[in-house]
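# Remarks on the overall topology
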Amino acid sequence: VQDQNRIANDNNNSNDQNMGTNRETTKAISPDTGKNKEQTVKMATDESEASSIKDMNNKMEEPESRKETTSITIERPEVVPEFEGDKKSEILIMYGSATGNAESISKEMHEHASEHGLTSTWGKLNDYKRLNFMDHNLILIVASTTGDGDAPENADRFVRYIKKRTHADDLLRGKTFAVLALGDTNYSRFCNTGNLIDKNLAKLGAIRLMDLTCADEATGLDDVVEPWKGAFWNEVRRYRRSQNNNVEVVPEVASAPLRIKTPTRMVKRLDDALETASTGSTTGLEDSDRIGWSSPSLVHSFDEVVPDTSLESIQRRLESVRPMRFPRCLAKVTFMGRGYGNHSLSRGSKDVFEQNETDTDPGESSLLHPIDARIVSADYLTTKHSERRVISTFLELKNPQADQSIPNWEPGDALGIICPNPSLLVEHIIRRLGLDRDRRIQVERLAPGKPTTTPLFSQLDTICTVWEVLTWGVDLVSLPRKQFLRMLAEFCSEEIDQMRLKLLASPAGRDEYKVFIEDQQPNVLELLQLFPSCDPPLDSLLYFLPNLAPRFYSIANSPLGPYGYSRVRIAYTVVRNVIATPKTCVTNGSNVNQSESKRVLSGVCTSWMESLCEQWLLNSPGMSPLRRPTMGFGKDTIIKVFIRPTTGFRLPADLTHPIIMVGPGTGVAPFIGFLEHLRHLRMEEESQTTELYDGYWRGLMNPCEGDNLDEDSESKPEFGSLCLYTGCQRPDHDMLFRTEIQDYVENGMLEKFSCAFSRYPKEKRQYAQDKLRDDGEMIANDLLKNNGYIFVCGRLHMANDVKATLLDILQKYGKLGSAKAMQVLDDMMKRGRYAKDVWG
């Protein structure tokens, strides 16, 4: 019956499309000529406009001729028939995602629900009210963990909701759920968000459909996620049978969470470059000093990774594993009239998007409600001899809503910057796909089984140009996911390209994916160049690419300064990652290493920001004559930003306790804000007799045991000691904020300052944790006897090394056992006395 209804719906949809004013224009192109493939696009244009588009596409420059290969016919996947009626979905699928992995997995489960006879609803965890969370009985949650155990921004409100102590114990009685947790074992609180959700849902009376499943990004998510998908749908079938038979689902005896260890594999590398279209460089290394984004110039072909590339060999390998389903595209792109949009890089997210419901209060900011920022000054914190470039930038904030104020922020908070893809990359992708950059489009997300649609990019205008959506909407440089590669395979006109992409997307091609994708990190343009017969439609490209995520930077000043909340300072390293790619051929499981080459990857946001700061940086002492600007921007360029408050990385309410700060590299930035804030507080204390504890920024943290908050005390409050530990390569090259820190030492604010040098000639290599160990007795005394606080900011591996050093210090100088020392640190973390702000 379902099949008959589906066929009837398909016929009705087809008749409606043929009778309407929106017609379909089909271009049938022979794959042998190298032109565009057969493709169907929906156009809201008249007859003359369609003719002009056809003429424009025919004039597109054809790629170079290729050797003869087997050709196949491309069939556009069938659009999911829309469900008539307002039937409640049978399963609610929700996600909490920071980098897009959880979103991608949950989206795929949502798409496949109809194949298992289920209607589904899909959305973010924070949208639980709009998604009618309480009305669904079968719930799937895919949740990642960000930072050191924090919930993603699109999941934090849901986590707080289910943790409320006022809820009844049977609030979720009758509901059945499953949780897939994504995490990284390099962090101390692995899969913490998923664990919290799983524990609290069960605590409120919901029943587990299956045990909590944890996937480790450090060893490979697919090794856990792929078998979990099949196991989940098997449990869903069992659940539905029990519901049909009116049998209560009884959870099985709890077993260990599903985690599959990834087998150890040798690192495989590549050689011989395929030069990109975006630069004339042959190595990319000579451009590592230039301002702005530079395209990586070395990427290796599939033939160099897999010597045996015959169709027969690849087919045999694919037949040995379960075939990966073609991912369904649930995006609809409606092409409209040709209109010239605002192509300046000052255009980012729009200020208000009426279709999106958020809880953002007036005077606050978020990704969907950003505020405007303008650069007022910038300079290099490193010298021209340094191996890296670190920039300090001041930005002036302004709320685009005239009747609303600038959002409040505190030292320790972060600034989110909404950045664009490099314009050079966008232009070449548009040219490669034969698109019109100025054509206005409307991009919508289809809901399986429902007649409604929602915007695919809620942070953008409803209608924008092709150039704008590729610039601000999707991430063109992040690591390509297997689902994306499987989609590309469907739109190859040559069978060899199609089979190679299928191999990369399948479990059989795990090693090839490692060396070809993970080690090289090709961007979208490079993938299209490596598989020249691939010509994906715009809707599939936009749907299967992750959204372009904002970048976050610690605020390095205080609102007590002369500009108040209206001016923030950030510091960032201009990312230039050099990847060594030795040539490696995978032959029957063995590796043959040959020569070595280099590949340079530029940071998207930091390169863009450096370009925007050009006029200030040209006069900076850290500017090298070799660093030549590649793009010019006006000083009034508007950047879209928002404030991301922190929950635990804040100065304590009682400042009489010692504070230890550890921040090598740019990790020192938030501590510059701490020191400025404390300097203003001390100046106020010296000039006024008002109580220290009446500051507007108090009360944000629960006081810890031993905090002295007695407002009736007649004695003048004292400040605890301040110790700062940083690290750099050489003091004469890249000691950040050197002058300011020296001032704090000379005026007595910093009781202890110590900087480790990792590459200073004729000296032993040292790191920040080594300096901590040198002061071990003092640190143990501050933490154990004086209720001191310790803040750590920087890279993950550094934070782990600092934690190990603290454990050693507590054991050696505090006379604690190993278990007791760990318990002390855990307790300090729970009470806010040990806080970390780390990144991978």
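The model shown is predicted, which means the values in this text are computed figures rather than measured ones. (Residues numbered from 1 in each chain as written. Predicted model: local features only at pLDDT ≥ 70, side-chain atom pairs only at ≥ 80, totals over all residues. Heavy atoms only, no water.)

### Topic: the overall build of the chain
When its secondary structure is counted, the chain shows 24 helices and 27 strands. Expressed as a percentage of the 840 residues in the chain, the buried residues total 53%. The contacts of the chain with a sequence gap of at least 6 include a subset with a gap of at least 24, amounting to 79%. For the chain, the accessible area works out to roughly 38100 Å², and carbon and sulfur atoms hold 46% of it. (Helix = DSSP H or I, 4+ residues; strand = E, 2+ residues; numbered from the N terminus. Buried < 20%, exposed > 50% of the residue type's maximum accessible area, 1.4 Å probe, protein only. Contact = heavy atoms within 4.5 Å. Areas by Shrake-Rupley, 256 points an atom, 1.4 Å probe, with all protein chains shown as cover.)

### A word on empty space enclosed by the protein
Evaluation of the coordinates by the stated rule reveals eight cavities of 30 Å³ or more. Quantified by volume, the largest cavity comes out at close to 160 Å³. If you go around the largest cavity, you meet 14 residues; those closest to its centre are Glu103, Lys107, Tyr543, Leu545 and Pro546. Going through the elements one at a time, helix H3 (101–112) and helix H15 (538–544) are the ones with two or more residues in the lining of the largest cavity. Here the residues of the lining of the largest cavity are counted per class, giving six nonpolar, four polar and four charged. (1 Å grid on protein atoms, 1.4 Å probe; cavity = no way out; pocket = protein on both sides within 12 Å on 5 of 7 lines; lining within 4 Å. Points joined across faces, edges and corners; volume = space filled by probe spheres on them. Nonpolar A, V, L, I, M, F, W, Y, C, P; charged D, E, K, R; others polar.)

### Topic: the sheet that holds strand E27 (residues 834–839)
Reading across from one edge, E25-E24-E23-E26-E27 is the order of the five strands in this open sheet, with parallel pairing throughout. Every other strand in the sheet has two partners, leaving strand E25 (752–757) and E27 as the edge strands with one partner each. Going from strand to strand, the sheet's axes swing by 10° on average, the running direction of each strand aside. One ladder, built from four bridges, connects strand E23 (residues 659–662) with strand E26 (residues 789–795); its direction is parallel. Following the sheet pairing, methionine 661 is matched in E26 by phenylalanine 791. Docked against the sheet, helix H23 (residues 796–813) engages E23, E26 and E27, running at close to 145° with respect to E26. (Pairing = 2+ DSSP bridges. Axes fitted to C-alpha atoms, helices over the stretch in contact; angles between N-to-C directions.)

### Focus: the packing of aromatic side chains
Going through the model one piece at a time under the given rule, you end up with 19 aromatic pairs. Relative to tryptophan 122, the ring of tyrosine 95 has its centre 5.3 Å away and its plane inclined at 25°; by these criteria the two rings are stacked. Residue tyrosine 95 is found in strand E3 (residues 91–96), and its partner tryptophan 122 is found in strand E4 (residues 120–124); the two are separated by 27 residues along the sequence. With a relative accessible area of 13%, tryptophan 122 lands in the buried category. Relative to phenylalanine 671, the ring of phenylalanine 649 lies with its centre 6.0 Å away and its plane at 35°, an arrangement referred to as tilted. One end of the pair, phenylalanine 649, is in the loop between strand E22 (638–644) and E23; the other, phenylalanine 671, is in helix H18 (residues 669–687), and 22 residues separate them in sequence. (Phe/Tyr/Trp six-rings, centres within 6.5 Å; stacked < 30°, edge-to-face > 60°.)

### Overview of the pattern of salt bridges
Taken as a whole, this structure holds 29 salt bridges when the rule is applied. Here lysine 332 and glutamate 444 are joined by a salt bridge, their closest N and O atoms 3.6 Å apart. Taken together, the residues span a long stretch of sequence, with lysine 332 in strand E9 (residues 331–338) and glutamate 444 in strand E13 (residues 439–446) at a distance of 112 residues. For lysine 332, a relative accessible area of 26% corresponds to the partly exposed category. Members of the salt-bridge network, linked through shared partners, are Glu108, Glu226 and Lys229. (Salt bridge = Lys/Arg side-chain N within 4 Å of Asp/Glu carboxyl O.)

### Let's talk about the sheet that holds strand E12 (residues 414–418)
Strand order across the open sheet formed by six strands is E16-E12-E22-E10-E11-E17, with antiparallel pairing between neighbours. Whereas interior strands pair on both sides, the edge strands pair on one side only; in this sheet they are strand E16 (551–554) and strand E17 (567–573). Taking each pair of neighbouring strands and ignoring which way they run, the sheet shows an average axis angle of 40°. Note that strand E10 (residues 371–380) and strand E11 (residues 390–398) share eight bridges and pair antiparallel. From the neighbouring strand, aspartate 379 faces E11, where its bridge partner is serine 392.

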